[in-house]
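Structure at a glance
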Amino acid sequence: MPLLWLTIVVLALSAAGFILGRQRALASAGGNSRMLHSLPIYYGSNAFMKSVVPAIGLMLIWLLVQPLVIENRIAEMIPASEVPEGSNIGLLMSEVRRTADGLNNAVVAGVLDEETASNARADFTDMTQRLKDAGQVVTNRITQPVLRAAQAYREMSASSNMLMTIAVLIVALLGTGWGVMQSGRDFRARNVVEQGILAILIAAASVAILTTVGIILSLIFNTVEFFRLYPAVDFFTLLEWAPSFSGRGGASSLGILPLLWGTIYISIVALIVAVPIGLYSAIYLSEYASPRVRGIAKPMLEILAGIPTIVYGLFALLTIGPLLMSVFGDNGVGWMGGGRSVMTAGIAMGIMLIPFVSSLSDDIINAVPQSLRDGSYGLGATRSETIRQVVLPAALPGIVGAILLAASRAIGETMIVVLGAGAAARLSLNPFEAMTTVTAKIVSQLTGDSDFASPEALVAFALGITLFVLTLGLNVFALYIVRKYREQYE
Amino acid sequence: MTEASMPAPSAPRQRVSLTAPDARTQKRKAAEARFRMYGVAGIATGIFFLIVLLVSIVGSGTGAFQQTFLNVSVYLDPAKLDKNGNRDPADIRKVSTFGYTPLIQDALLKQVQDNGIETPLEKRGDMKAMISASAAAQVRDVVIDNPDLIGETVDFRILASSRVDGYLKDRVKREDVARDKNIDAEHLDLVDALIPLGVVKKTFNMDFITGADASESRAEAAGIGVSMIGSFFMMLVVLVLALPIGVAASIYLEEFAPKNRITDLIEVNIANLAAVPSIVFGILGLSVFIQFMHLPQSAPLVGGMVLTLMTLPTIIISTRASLKAVPPSIRDAALGVGASKMQSVFHHVLPLAAPGILTGTIIGLAQALGETAPLLLIGMVGFIASNAPDSIASGLLDPNSAMPAQIYEWAKRADPAYYERAWGGIIILLIFLITMNTIAVILRRRFERRW
Amino acid sequence: MNDMRILERDVDTNTIKIAARGVQVYYGDNHAIKDVDVDIQDKTVTAFIGPSGCGKSTFLRCLNRMNDTIDVCRVEGDIRIDAEDIYDKKVDPVQLRAKVGMVFQKPNPFPKSIYDNVAYGPRIHGLAQSKSDLDDIVESALRRAAIWDEVKDRLTAAGTGLSGGQQQRLCIARAVATEPEVLLMDEPCSALDPIATAQVEELIDELRQSYSVVIVTHSMQQAARVSQKTAFFHLGNLVEYGETGTIFTNPEDPRTESYITGRIG
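This structure is a prediction, so every number in the text was calculated from the model and none was measured.

Quick notes on the rules
- Residues numbered from 1 in each chain as written.
- Chains lettered and ligands numbered in written order.
- Predicted model: local features only at pLDDT ≥ 70, side-chain atom pairs only at ≥ 80, totals over all residues.
- Helix = DSSP H or I, 4+ residues; strand = E, 2+ residues; numbered from the N terminus.
- Rg over C-alpha atoms; globule rule 2.2 N^0.38 Å.
- Buried ≥ 20, exposed ≤ 12 C-beta atoms within 10 Å, placed from the backbone.
- Contact = placed C-beta atoms within 7 Å.
- Pairing = 2+ DSSP bridges.
- Axes fitted to C-alpha atoms, helices over the stretch in contact; angles between N-to-C directions.
- pLDDT = per-residue confidence, 0-100.
- Core = buried A, V, L, I, M, F, W, Y, C linked by C-beta atoms within 7 Å.
- Nonpolar A, V, L, I, M, F, W, Y, C, P; charged D, E, K, R; others polar.
- Parallel < 35°, antiparallel > 145°, perpendicular 65-115°, else oblique.
- Expected span 1.5 Å × (residues − 1).
- Bend = angle between axes of the 7 residues up to and from the residue.
- Left-handed = near helix turned anticlockwise from the far one by under 90°.

A look at the overall build of chain C
A count of helices and strands for chain C gives eleven helices and ten strands. Its C-alpha radius of gyration of 18 Å places chain C within 12% of the 18 Å reference for a compact globule of 265 residues. Seen along its three principal axes, the alpha-carbon backbone of chain C occupies a region of about 55 × 45 × 35 Å. Here chain C, with 265 residues, has 51% of them falling under the buried criterion. A separation of at least 24 residues holds for 71% of the contacts in chain C among residues at least 6 apart in sequence.

Encoded structure:
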């Protein structure tokens, strides 16, 4: 693992820088550390930092950029006529990469010698056979240009790796030298090191921003790609969801409306279960329960919040579904065709949301000032009159915010609907019928075997961006309401 | 008082005794009691659901920890296993599991006949329904490791087929067997006869906890061990990445960030990221880590990175809360003796906030451990948890699954025998989660400081 | 209205409205009120004065059982209103509080309209037979609280939008609207500016005609201005109780004298 070795060498250089910098600073003060501006350790850290940060940074950037550059140049080498009908350059490039990896592995395993592997006149059928013999995964689609490209790929990667090693080492050396040279008695090492640490802290804080940017960019790029292959109008207005299984577009109808309907229907069922139970629990816990009861009941409800969603999914599929079937199924009322349905998923999701609604509402009810309750009790109101006519109206905006947050949770929930709701997209009002949701389809479109360039897979990104916008909108709105509400009583 | 006309006091109310409530008060009291009942009912329903959930998990899952085995003495026939007779390991390896299957079936048949059990099942092939398809591989592995055993009769404890196992666990019922092409009523009679002899025996199943996933038709051999290792490596990645990044980000936002637009943006951003559906993080992982960076699919490293991004907001929010709880007087005291702002934070504030940070991190890890949806998108699903990794690098980079993804995979399979394993997997997953949360609670109790 | 009224004020009624005997209050382990005996007369303003934490508010809250809403609080002894024991098991605190209204330290209008704030009590107690009945009750309560002219044009506006003094008078109107017999006021002016304070004090004097008013105050001047009887509390004990004029001009107990002259408190 040469990368590992390179890292170790850089670290060793930096460690040397640490020791040298510290010693040099001490020496410049005649061995009396009180004469220094900063503690000796800061001089060492300065040298260490100046060596490690640029070198490792360069290495990471190089590793990120290198495949992009190389692939671009390789892609230019492959004539357009070589791209098979119905495929694209991306698929061919992954073929090239796989072949190059195969060649590498074969060389490492000693089946091929370096010379044969990079022999420009090698015949592709012969090479394919040799690779297969070496136990490397290659397809039959290796053609002469692919083999050439793979060989070029290997060559460029190797020389690029070489260049990178040299560049990184030079940068590390220069950094160490600079840091050590700086270490004199008047150098303000602590300030410099603290600047460096601050930069690291800022970088860490911006990871959150980068994540959002990453989410938005990946959704947008792929969605644009999807809309090039499939008309956006159809996506937003078709009442049918029927992807063709050929994976080549054409006959697919990819309308989001049935999925949105399923999502909203299931969320509504979930909220109908969760909101009354959660809200009454919160009222009881905050207004009636003795500290003892509260101390037992509240953590018990919160256990429900700590249970992973896969458990609720399984509970829906294997417990709620059969239970509903025995009442509403063919042996009962006959409304239900199978265990998976809007109700199945909705009830499980409702149970999941109970603690969410109750703990948010609990916080919000507790934020209503005691003086309002006193005012009401002082007029001779009972507890329930006080709660219904004073506390709840005062807490209403906050509770609405909490319900919206719960709705956003329900819309984004995946595992429960994947297991409990069914796979058929349907526009129906019967809650005992199987329907499917946006999240369930994202999973099924991206976990199948269809390749990522087909509209059937890319549609998942369009679904994803819809989901993202929907939940983000709900969240921003709900957080805004809750914040406004809190300000009112602060 | 400027009021010219003081309104005449309205007709004086009838003086009612305080101890004798009037009709209206009684009605109000009844309404009060009703409302209180609604509250009790709300709590009771919530707790009822919790109990139903736990009962169905424990009730349906404990079966996975037991498995039915067949104790048979297999004659390792040299004529079949080592035709050349020279015990050459290479030759022995060439005999596939198909070579072993008849030997095991013969052995079981012999056991049946030796014990004089009356059964219409008299052919070797009739035994097939009793024995797990992985039994042959089990025997073969033993023979390859010890070629000297060939020619001897060796006692084996082999897996019974999933139907036999189901019969012992009441999953497979006699009345359903008629429609089952994998097993007949005669087999069940035979099982009944073999149980008192100790040939068919249900015992604790360690392989479920330590073993690997198995193919769709061999539910009896599937275990969650390898995906547990996958989960472990992912948690390692999450811990190594999320803790330092989360703490660093929190320190910056709480202690150093100037109050301006950009900081506001980051704050709003973190609050909203915490509520982004987890599946969206899966999409991010798929397109950035796999499509763009070409990191390997299904690798715990990538899974860990996705879960890191997902748990980061949780960790940042809880870390900031515990930093905020450290009173400003501590910072002032440090600054007052000439420490720099950075020194006051790292020497004084951070150590005091450490228990809170740790608690938040454990809770974030627990959340990540139970998360499934994003893992499905980066390919940690399907029959991939088949081999335990042999080094740290392969643990991070080789395709693996994770506990919740493995449970999902089992839940999708058609054979009901897998449902039991899915519940069993959930028991193990919950044991991990309960342990982590208990540690978090203990940490909080032990180190909580009121200022 | 001036301070000279202390002397010319006569106490015209000596009906005893509230009689307390041997009242003890505990907050957990803390003995907050120690063996207090007091008789509060009808149609009189009685002031409770004393340094902070002396128990005057706590005692006030015993009189309409507001302390019931605090879990750790325990009340012993005997408090009778119109000769009925209010801590009797059969007494419903809800009914009691309709009879003994309360105004709090901080104005606490409900986040509802002015009208709904005042109509809240009559509605829950079913005092109005019809909508016009309720309108009358609201108007009369607002008039009695001397705020009608200021709010009559915006009865549907939020009560929280009023100024501090107006809010407190609204709260008084709200308490008056349930037609109580006793009105308890817990430092009703402490959150108000001097002008609003003067308005509320004037109002208290008017209210004396219909109710027995008990007011807790930390301001001795206020007690002197508005009350006929004054009780001085110190460290949970009722030190001295008597005519306001006597307490302020000729206290019996040296502790009262120290407080009046500003040496303790």
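After that view, the rundown keeps rolling.
Observations concerning the overall build of chain A
Helix and strand counts for chain A stand at 17 helices and two strands. Buried residues in chain A amount to 47% of all 490 residues. Looking at chain A alone, contacts between residues at least 24 apart form 75% of all its contacts between residues at least 6 apart.

Considering the pairing of strand 4 (residues 73-81) of chain C
All names here are of chain C. In the sheet, strand 1 (residues 16-27) pairs with strand 4 via eight bridges, with the strands oriented antiparallel. Looking at the pairing, I18 lines up with I81 of strand 4. With two bridges connecting them, strand 4 and strand 5 (residues 84-85) associate as antiparallel partners. From the neighbouring strand, I81 faces strand 5, where its bridge partner is E84. Connecting strand 4 to the antiparallel partner strand 5 that follows it, the hairpin turn spans two residues, and D82 within it adopts a positive phi of roughly 50°.

Details of the sheet that holds strand 9 (residues 229-234) of chain C
Residue and element names in this part refer to chain C. Ordered in space as 6-7-8-3-9-10, the six strands form an open sheet in which the pairing is mixed. With partners counted over all chains shown, the strands left at the sheet margins are strand 6 (100-103) and strand 10 (237-243), one partner each. Recorded for the sheet is a direction-independent mean angle of 15° between the axes of neighbouring strands. By the bridge criterion, four bridges tie strand 3 (residues 45-49) to strand 9 in an arrangement that is parallel. Bridge pairing in strand 9 places F48 opposite A231.

Quick look at the confidence of the model for chain C
Predicted coordinates in regions of low pLDDT should not be interpreted in detail. Averaged over all residues, the pLDDT of chain C equals 86, while 94% of them reach at least 70. Across the assembled chains, the prediction reports ipTM 0.89 with pTM 0.85.

Remarks on the nonpolar core
Among the nonpolar cores identified, the biggest contains 310 residues, and A:L314, A:A348, A:V357, A:A406 and B:I104 are the most heavily contacted of them. Among the elements that make up this core, the one with the highest residue count is helix 9 (residues 257-288) of chain A (18 residues). If near-sequence neighbours (up to four positions away) are discounted, A:L314 is found in contact with A:L419, B:I407, B:A411, B:A422, B:W423 and B:I426. Judged by nonpolar contacts, the second largest core, of 20 residues, contains A:F48, A:M49, A:A172 and A:F187.

A word on the environment of A:M343
Residues and elements named next belong to chain A. By the element assignment, M343 lies in helix 12 (residues 342-366). A C-alpha to C-alpha distance of 8.4 Å links M343 and A270, two positions 73 residues apart in sequence. Setting aside anything within four residues of it in sequence, one finds M343 in contact with V269, L324, P431 and F432.

A closer look at unusual backbone geometry
If a residue is not glycine, its phi is most likely negative; likewise, a peptide bond is most likely trans. Residues and elements named next belong to chain C. Positioned with a positive phi, D82 is a non-glycine residue whose angle comes to about 50°. In this structure, E187 takes a positive phi of about 45° despite not being glycine. In this fold, E187 is placed in the loop between strand 7 (182-186) and helix 8 (194-207).

Comments concerning the interface of chain A and chain B
The partner chain B presents 68 residues to the 66 residues of chain A that form the contact. Considering each element in turn, the side of chain A that touches chain B owes the most residues, 19 residues, to helix 7 (residues 189-229) of chain A. The residue inventory of the side of chain A that touches chain B, partitioned by class, reads 44 nonpolar, 19 polar and three charged.

Notes on the sheet that holds strand 4 of chain C
The strand order across the open sheet built from four strands is 2-1-4-5 (chain C), with neighbouring strands paired in antiparallel fashion. If you trace the sheet from one side to the other, it starts and ends with strand 2 (30-41) and strand 5 of chain C, each paired once.

Quick look at the environment of B:A299
All names here are of chain B. Relative to the helices and strands, A299 resides in the loop between helix 12 (278-292) and helix 13 (300-325). According to the C-beta neighbour criterion, A299 is buried, with 26 such atoms within 10 Å. Expressed as a C-alpha distance, the spacing of A299 and S401, which sit 102 residues apart in the sequence, is 8.1 Å.

Thoughts on the packing of helix 15 (residues 341-370) of chain B against helix 19 (residues 417-447) of chain B
Residues and elements named next belong to chain B. At a minimum axis distance of 9 Å, the contact between helix 15 and helix 19 shows a crossing angle of 170°. Comparing their axes, helix 19 and helix 15 come out roughly antiparallel. Residues P355, L358, T359, I362, I363, L365, A366, L369 and G370 of helix 15 touch helix 19, and the partners they reach there are L429, F432, L433, M436, N437, I439, A440, L443, R444 and F447. For the contact of helix 15 with helix 19, a count of residues per class yields 15 nonpolar, three polar and one charged.

Describing helix 4 (residues 97-114) of chain B
Residues spaced three or four apart along an α-helix face the same direction, because each turn holds 3.6 residues. Residue and element names in this part refer to chain B. Here helix 4 contains 18 residues, and its C-alpha end-to-end distance of 26 Å stays within 8% of the 26 Å for a straight helix at 1.5 Å per residue. Along helix 4, the positions that sit buried rather than exposed are Y100, T101, L103, I104, Q105, A107, L108, L109 and V112. Considering only its buried residues, helix 4 is in contact with strand 1 (66-75), helix 2 (78-81), helix 5 (135-145), strand 2 (153-159) and helix 8 (185-194). Looking one or two places after helix 4, you find G116, whose phi comes out positive at around 65°.

Concerning helix 13 of chain B
Residue and element names in this part refer to chain B. A rise of 1.5 Å per residue sets the reference length of helix 13, with its 26 residues, at 38 Å; its end C-alpha atoms lie 35 Å apart and thus fit the reference within 8%. Along helix 13, the helix axis deviates most sharply at T311, where the bend reaches about 40°; the proline P313 sits within four residues downstream. Taking burial as the measure, the 26 residues of helix 13 include 22 buried ones, the bulk of the element.

So, the packing of helix 10 (residues 225-256) of chain B against helix 15 of chain B
Residues and elements named next belong to chain B. The geometry of helix 10 relative to helix 15 is characterised by a closest axis approach of 10 Å and an angle of 140° between their N-to-C directions. Classed by the angle they form, the pair helix 10 and helix 15 counts as oblique. As helix 10 packs across helix 15, the resulting crossing turns out to be right-handed. Contacts between helix 10 and helix 15 involve S231, M235, V238, L239, A242, L243, V247, I251 and E255 on the former and, on the latter, V345, I357, T361, G364, L365, A368 and L369. Split by residue class, the contact of helix 10 with helix 15 holds twelve nonpolar, three polar and one charged.

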